[in-house]
Amino acid sequence: MGKKIITTLALKNEEIQNFICCLKQNLENLEANSNRVQEDLESEFSSLHAVLDELKEGMVTRIKQERASRTYELQSQLSACTKALESSEELLELANQTLCSSENDSFTQVPVTMAPAFRLSLKAKASDSMNHMMVDFTQERKMLQAITFLPVPATPEINVAECQVFDNTITVVWTLPEPDSKIDHYILEYRKTNHEGSPRAREDYPWMVVEGIKETEYTLTGLRFDTRYMTFRVMACNKAVAGEFSELVTLETHAFVFKLDAGSAHQNLKVEDLSVEWDSSGGKVAVQDIRKEKNRTSSPMHSPARTAMMSPKRAPSARVGRDRFTAESYTVLGDAMIDAGQHYWEVRFDKESKVFAAGVALRSLGRFDQLGKSNASWCIHLNNWLQQSLTAKHNNKARTLDCPIPDRIGIYCNYEEGTLSFYNSRTKTLLHTFRTKFQQPVIPAFMVWNGSFSVQTGLQVPSIVLCGQKRNSNTSSSNASLT
């Protein structure tokens, strides 16, 4: 028992000693910090005095220059008037003498001699008023009297509505509750989150710091295209102190992410993740099953039973052996529907493929329908069977595209505008644009025969594509020519 008491007292003594050391360190820090801020204060006032002295010297110099200039003008005029007066007095005396004489002819010449004196201006060339150089430092005096120690900056607020998520960049915009001319810079911190919902206090990723931001916005570049969520916070700093961090805000890099629905793929297509390869040894469907399916009036993918179970963002997965594309429709669909917004994805394909097509289709696309041969699909179509050609196809109508055949195509879909555009994804050259009005959600669709392709999703709509869409909104080709 006694040993326990001794141990407790020893620990308490050690705790008190540590606290005493902290207090001594605080006193030393207080002395050093007080001296530092006092030196800074004296330096600031010295700078202020220097500015006032320089301003005073400049204004006094201007007064002296104005006085010297006006003095010269007035003295010159005074000298001229004095001489004119002396001349006039002499003439007056001469006139009096002439008047008293009997020679009247000489008197008539006096006014002619006096004429120069009458041409002399009797208005001062310079004013004696210096009112225009008076000063009133009432406002400045109030400002000086209001000088005090720097306050802690207010907490900024990130304006989510003004923030922009674009390509692989994010522009963060924030405001202060009130304008503050004392703000020197801002510090922005961000970290990858990759989860939905409210920001979390603890994350797996560390905070990244951007310092010295002078404006109330900052563009973060170099993000990965698949960085879906980023959490941001910002604080304001003046010369002396930093304020509090803003509330955490999570911004999503909106990207269209989908996978290939292997259950919808033709049995001659080998689907692995986002890659597809033609496989001539794939399973076959019995002829009688094909004939039976041809008599069906609607696709199972659009049946009421499947529609009731359908997710609002995911297309219904096809059931093997029934919903698969068959016959000569070597097609596979994506597993996500587009029913709103602007989306972009890319597909890389073997240019030696006998047939390749990519585009979008309605859910009602039949399992025997090839892409572009019905009014339920729109696509760009490569044919290497007899003669190489690249065409835009819809409703069994085709338009030949006079352009080099790329090996990678970008597909842009704006659901609300009814726009479907195809680009050379390397050069972002526009290949073709369909303009329609989507009545139902559409699904990414692909077709390949004797070839292969791979899809890349999770991409932002490239800025050059968006700019091009605005420029070409009234000039792009229309699907009306293909129907």
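Residues numbered from 1 in each chain as written. Predicted model: local features only at pLDDT ≥ 70, side-chain atom pairs only at ≥ 80, totals over all residues. Heavy atoms only, no water.

Per an unreviewed UniProt entry, the protein chain goes by Fibronectin type III and SPRY domain-containing protein 1 and derives from Cyprinus carpio. Under the Subunit (unreviewed entry) heading, UniProt states for the protein chain: "Oligomerization is required for binding to microtubules." (UniProt positions renumbered as here; feature names shortened; annotations may be inferred.)

*Asks:* What should I look at first to understand the sheet that holds strand β9 (residues 269-272) in this one?
*Replies:* Note on sheets: strands pair through backbone hydrogen bonds, and any given pair is parallel or antiparallel. Within the open sheet, the seven strands sit side by side as β9-β10-β21-β12-β17-β18-β19. Their pairing is antiparallel. In the strand order of this sheet, the two ends are held by β9 and β19 (429-435), each with one partner. Each strand axis lies, on average, 20° off the axis of its neighbour in the sheet, ignoring direction. In this structure, strand β10 (residues 275-278) lies alongside strand β21 (residues 452-456), joined through three bridges in antiparallel fashion. If you follow Val-276 over to β21, its bridge partner there is Phe-453. Contacts between helix α7 (residues 463-471) and the sheet are confined to β12 (342-349), β17 (408-414), β18 (419-424) and β19, with β18 contributing the most and set at about 125° to the helix. (Pairing = 2+ DSSP bridges. Helix = DSSP H or I, 4+ residues; strand = E, 2+ residues; numbered from the N terminus. Axes fitted to C-alpha atoms, helices over the stretch in contact; angles between N-to-C directions. Contact = heavy atoms within 4.5 Å.)

*Asks:* I'm lost on the packing of aromatic side chains in this one. Help?
*Replies:* In this description, a pair of aromatic rings is defined by centroid distance and the angle of the planes. Tallied over the full model, the rule gives 14 aromatic pairs. Aromatic pair Phe-256 and Phe-258: ring centres 5.1 Å apart, planes at 45°, arrangement tilted. Like Phe-256, the residue Phe-258 is buried in the burial classification. Each ring, one from Tyr-330 and one from Trp-449, has its centre 6.4 Å from the other, and the planes form 10°; the classification is stacked. (Phe/Tyr/Trp six-rings, centres within 6.5 Å; stacked < 30°, edge-to-face > 60°. Buried < 20%, exposed > 50% of the residue type's maximum accessible area, 1.4 Å probe, protein only.)

*Asks:* What am I meant to see in the pattern of salt bridges here?
*Replies:* Side chains bearing opposite charge may pair, as long as their charged atoms lie close to each other. On inspection of all chains with the given rule, the structure shows 10 salt bridges. Residue Lys-270 is joined to Glu-272 by a salt bridge in which the shortest nitrogen-to-oxygen separation is 3.6 Å. Residue Lys-270 is classed as partly exposed on the basis of its relative accessible area of 43%. Look at the salt bridges and you will find they share partners, linking Glu-346, Arg-408 and Lys-428 into a network. (Salt bridge = Lys/Arg side-chain N within 4 Å of Asp/Glu carboxyl O.)

*Asks:* I'm lost on a negative patch on the surface in this one. Help?
*Replies:* A cluster of like negative charges, contributed by Glu-86, Glu-89, Glu-90 and Glu-93, occupies part of the molecular surface. For Glu-90, the position within the fold is in helix α1 (residues 2-100). (Patch = residues over 30% accessible without salt bridge, like charges linked within 9 Å, V, L, I, M, F, W, Y side chains within 5 Å. Areas by Shrake-Rupley, 256 points an atom, 1.4 Å probe, with all protein chains shown as cover. Lys, Arg positive; Asp, Glu negative; His and termini not counted. Charge placed at Lys NZ, Arg CZ, Asp CG, Glu CD.)

*Asks:* How should I be thinking about the nonpolar core in this particular structure?
*Replies:* Proteins that are soluble and globular tend to have nonpolar side chains buried together. Counting 53 residues, the largest nonpolar core has Leu-260, Trp-345, Val-347, Val-442, Phe-446, Phe-453 and Val-455 as its most contacted members. Not counting the four nearest positions on each side in its chain, Leu-260 is found in contact with Val-271, Asp-273, Leu-274, Ser-275, Val-276, Val-332, Leu-333, Gly-334, Phe-446, Phe-453 and Val-455. Of all hydrophobic cores here, the second largest spans 20 residues; its members include Cys-163, Tyr-186, Val-210 and Leu-251. (Core = buried A, V, L, I, M, F, W, Y, C linked by side-chain atoms within 4.5 Å.)

*Asks:* Could you clarify how one ought to interpret the sheet that holds strand β13 (residues 355-362) in this entry?
*Replies:* In spatial order, the strands read β11-β20-β13-β14-β15-β16; together these six strands make up an open sheet with antiparallel pairing. Only two strands of the sheet have a single partner each, and these edge strands are β11 (331-333) and β16 (397-400). Neighbour-to-neighbour, the strand axes of the sheet open up by a mean angle of 20°, direction not taken into account. Here six bridges tie strand β14 (residues 377-383) to strand β15 (residues 389-394), and the two strands are oriented antiparallel to one another. By the bridge assignment, His-381 is partnered in β15 with Thr-391.

*Asks:* I tried to follow the side chain of Thr-231 on my own but got confused; where do I start?
*Replies:* By secondary structure assignment, the location of Thr-231 is in strand β7 (residues 229-237). Classification of Thr-231 as buried rests on a relative accessible area of 2%. At 3.1 Å, the side chain of Thr-231 and the side chain of Thr-250 are in polar contact. (Polar contact = N/O pair within 3.5 Å; in protein donor to acceptor, adjacent residues only side chain to side chain.)

*Asks:* Could you clarify how one ought to interpret the pairing of β18 in this entry?
*Replies:* Along a regular strand, successive side chains alternate from one face of the sheet to the other. Of all six residues in β18, six are buried; the element is thus mostly enclosed. In this sheet, β18 lies alongside β17 in antiparallel orientation, the contact comprising six bridges. Bridge pairing links Tyr-412 to Ser-421 in β18. Remark: four residues form the turn of the hairpin made by β17 and β18, two consecutive strands paired antiparallel; Gly-418 in that turn has positive phi of roughly 65°. Pairing geometry for β18 and β19, over six bridges, is antiparallel. From the neighbouring strand, Asn-424 faces β19, where its bridge partner is Thr-429.

*Asks:* I'm lost on unusual backbone geometry in this one. Help?
*Replies:* With the exception of glycine, most residues fall at negative phi, and the peptide bonds are largely trans. At Asp-273, a residue that is not glycine, the phi angle is positive and equals roughly 55°. Here Asn-450, not a glycine, exhibits a phi torsion of approximately 55°, which is positive. With respect to the helices and strands, the residue Asn-450 is situated in the loop between β20 (442-449) and β21. Asn-450 sits in the partly exposed class, given a relative accessible area of 33%.

*Asks:* How do you make sense of the confidence of the model for the protein chain when you look at a structure like this?
*Replies:* Any residue range with low pLDDT should be treated as having predicted coordinates unsuitable for detailed reading. Averaged over all residues, the pLDDT of the protein chain is 82; the fraction at 70 or higher stands at 81%. Considering only residues more than four positions removed or in separate chains, one finds that residues 284-322, a stretch of pLDDT under 50, has 63 contacts. (pLDDT = per-residue confidence, 0-100.)

*Asks:* Any chance you could explain the side chain of Asn-414 here in plain terms?
*Replies:* Checked against the element boundaries, Asn-414 lands in strand β17. A distance of 3.3 Å separates the side chain of Asn-414 from the side chain of Tyr-412, its partner in a polar contact. Within the structure, the side chain of Asn-414 is placed 3.1 Å from the backbone nitrogen of Glu-417, a separation counted as a polar contact. With residues up to four places along the chain from it excluded, the contact list for Asn-414 reads Gly-341, Gln-342, Thr-419 and Phe-438.

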